[in-house]
Amino acid sequence: MPTPPAAPPHEEPWWTSAVVYQVYVRSFADSDGDGIGDLRGLLSKVDYLSHLGIDVVWLSPIYPSPQDDGGYDVSDYQGIDPLFGTLADFDELLAALHARGIKLIIDLVVNHTSDEHPWFKASRSDPSSPYRDWYWWRPARPGKVPGKPGSEPNNWRSAFSGSAWEFDEDTQEYYLHLFSRRQPDLNWENPQVRQAVHQMMCWWLDRGVDGFRMDVINMISKDVLLPDGPPIPGEDFGDGGPFYLCGPRLDEFLQEMRQEVFAGRGDHVLTVGEMPNVTLEQARAITDRHSPRLDMVFQFEHVQVDQGPGGKFDLLPLRPADLKASLSRWQEGLAGTGWNTLYLGNHDQPRLVSRFGDADELRVPSAKALATMLHLHRGTPFIFQGDELGMTNYPWREASEFRDIESLNHYRDRVERGENPETVMQTLRRMSRDNARTPMQWDASTHAGFSTGTPWLSVHPDHAEVNVARQLDDPDSVLSHYRRLIALRHEEPAVSRGDFTLLLPSHEQVYAFMRRHEGTEVLVVTNLTGAEANAGSLPGALAWLEAELLLMNYPGVPTSWRLRPFESRVYRRR
Ligand code: GLC
């Protein structure tokens, strides 16, 4: 198979013209029939990735783990979970990707460990252990009985429901866990913790990996006073976010990491920080090309436009104009100095077509339109496995079908508090992370070609229609459309490096923008709705109809600016 076209030589960092593909290993391809995807399964698909044309693979965690949170609970940072394979498999995968010109970045989960990590086991076992201070241990609230509800050191809520504190009977203290109780938070105030993390990162870089996707990296610095947070509407707990998101020492910790881990390694290494609730101003400072802390960050504003003040399960109807407003705000805000990641889906988000498009009659045009709109922005696009096929949310019938701890905890919590189970299911159908985690659909066979055994999570019933085998050689498939988008980023500097100008800012349905670079103009117009739309008020509308039509998601050559549902067009002129 052909190798992807090399990025044009220029002074910009290589990742400005790169596209990243995220592999959630347990759901990608299973080589040994145990129903769980693994490294050798992925190894058997590297030619597929090469054919797609992507430049970088991001691997979700493959480290030894009790798998309480799909591997985001790591019990050994320098190994591979036997579920997924061995270090030898990892090295072989890395070599196979490199041989095809594809880089590999790995998930770095260092805000917390698993409760089975030897550091935590030592920390828990003995208050006088040198490891005690590697985590956040605190006594009960003054005057309260240790271990009773309401006695927790503060009111912070865990991202996975309930208190963020777990009581330890043996030592009569609580430890902090912003996620599951099996994911205790590391205490980055302790320099030994930071040193251990740096050493581990160097070990992987020396092994040949090309960088890291850093899990919730903006949570590593907490306000050491751990104050109560503002109450969350409809919850018994408070929001600790103001005291642990982009906390007081984050910048210092990131600078130190840059110095200790990345200095002297050249610019081939890629660093991407996952940062819930990061503000535009913070992201600009972190990715500022003159003094970068990280190359790029995952911000969350645009994937929260359908959420109310109660968080991800407090759902509002999606208004396409809000999505457009948010995306364009970040394009303008990071212009010049900073750099955006471009994503609509990942292993934590529902399927993008179901959320922002139309998963029924308009599945194909809406999948293509959303991809076009996203990839034509300034930034680095991230494709989550299966999105290149237009995969959709799973039709969940009952809560017992879920495997994701966040979904299961939310269901239990709400039902215990008297909410109608069907109402909770409706929310989970829209938002559960398991929507993204159903197995990759390779072909129309029983388990979609994912596994010969029983998959760990149900395969989507639409796999007979939506699968790789069917789309690979079809020039009109969603997959072929993604290949064209990836190639376009490699070939057209206006896409990788051009500036961004929003057009028709107050149009409720149409998202239109221009990318310009050295005399080339690329116009991108997308109808973000399932109804017809008129984009005739675009500046120079008629002249644009004469320009070169680079991409389009309906057949034929358009002669007007009447846009069909989810119609998307890309024009170029020089
Ligand atoms: C990140 C991961 C998510 C995980 C959480 C805790 O948000 O993407 O999957 O549950 O961090 O590690």
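Everything numeric here is computed off the predicted structure, so don't read it as measured data.

S.K.: Any chance you could explain the site of the ligand here in plain terms?
M.R.: Around the ligand lies a shell of 14 residues, among which D69, D215, E274, H347 and D348 are the nearest. In this structure, E274 approaches the ligand through a side-chain N or O atom, which is 2.9 Å from an oxygen atom. One of the side-chain N or O atoms of H347 is found 2.8 Å from an oxygen atom in the ligand. Compared with its free state, where it exposes 310 Å², the ligand has 96% of that area covered by protein. In terms of residue class, the shell around the ligand is made up of four nonpolar, three polar and seven charged.

S.K.: Just checking my understanding: could you explain the confidence of the model for the protein chain for this structure?
M.R.: For residues with low pLDDT, the predicted coordinates do not support detailed interpretation. Chain-level pLDDT for the protein chain is 96 on average; 98% of the residues reach the 70-or-more range. Low pLDDT, under 50, characterises residues 1–10; the stretch is placed with 17 contacts to residues that sit more than four places away or in other chains.

S.K.: Sorry, what's going on with helix 7 (residues 250–262) here?
M.R.: Quick reminder: α-helices carry 3.6 residues per turn. Residues three or four places apart thus point the same way. Helix length check: helix 7 (13 residues) gives 17 Å between terminal C-alpha atoms against 18 Å at 1.5 Å per residue, within 8%. Of all the residues in helix 7, the buried ones are L250, F253, L254, M257, V261 and F262. End-on, the buried residues of helix 7 take up no more than an arc of 105°, which puts them together on one face. Along helix 7, exposed side chains directed more than 90 degrees from the buried face belong to Q259 and E260.

S.K.: What am I meant to see in helix 9 (residues 320–333) here?
M.R.: The end-to-end C-alpha distance of helix 9, which contains 14 residues, comes to 20 Å, matching closely the 20 Å that a straight helix rising 1.5 Å per residue would cover. All of the buried residues in helix 9 are A321, L323, K324, S326, L327, S328, W330, Q331 and G333. In this fold, the buried residues of helix 9 make contact with helix 8 (280–287), strand 10 (341–342), helix 10 (352–356), helix 11 (363–375), strand 12 (499–503) and strand 13 (510–517).

S.K.: Which parts of the structure should I look at to understand the environment of G449?
M.R.: Structurally, G449 can be placed in the loop between helix 14 (434–437) and helix 15 (468–471). Judged by relative accessible area, which is 33%, G449 ranks as partly exposed. Filtering out sequence-adjacent residues up to four positions away, G449 remains in contact with W442 and D443.

S.K.: Please explain the sheet that holds strand 13 as it appears in this structure.
M.R.: Sheets are built from strands that pair by backbone hydrogen bonding, the pairs being arranged parallel or antiparallel. Taken in spatial order, the five strands make up an open sheet running 12-13-14-18-16, and their pairing is antiparallel. Bordering the open sheet on either side are strand 12 and strand 16 (548–552), each of which pairs with just one other strand. When the angles between neighbouring strand axes are averaged without regard to direction, this sheet yields 20°. Where strand 16 and strand 18 (residues 568–573) come together, four bridges link them in antiparallel fashion. By the bridge assignment for strand 18, E548 is matched with R572. Contacts from helix 9 reach strand 12 and strand 13 within the one sheet, and its direction differs from that of strand 12 by about 145°.

Scoring rules and cut-offs
- Residues numbered from 1 in each chain as written.
- Predicted model: local features only at pLDDT ≥ 70, side-chain atom pairs only at ≥ 80, totals over all residues.
- Heavy atoms only, no water.
- Near = heavy atom within 4 Å.
- Polar contact = N/O pair within 3.5 Å; in protein donor to acceptor, adjacent residues only side chain to side chain.
- Areas by Shrake-Rupley, 256 points an atom, 1.4 Å probe, with all protein chains shown as cover.
- Nonpolar A, V, L, I, M, F, W, Y, C, P; charged D, E, K, R; others polar.
- pLDDT = per-residue confidence, 0-100.
- Contact = heavy atoms within 4.5 Å.
- Helix = DSSP H or I, 4+ residues; strand = E, 2+ residues; numbered from the N terminus.
- Expected span 1.5 Å × (residues − 1).
- Buried < 20%, exposed > 50% of the residue type's maximum accessible area, 1.4 Å probe, protein only.
- Arc of directions from axis to C-beta.
- Pairing = 2+ DSSP bridges.
- Axes fitted to C-alpha atoms, helices over the stretch in contact; angles between N-to-C directions.

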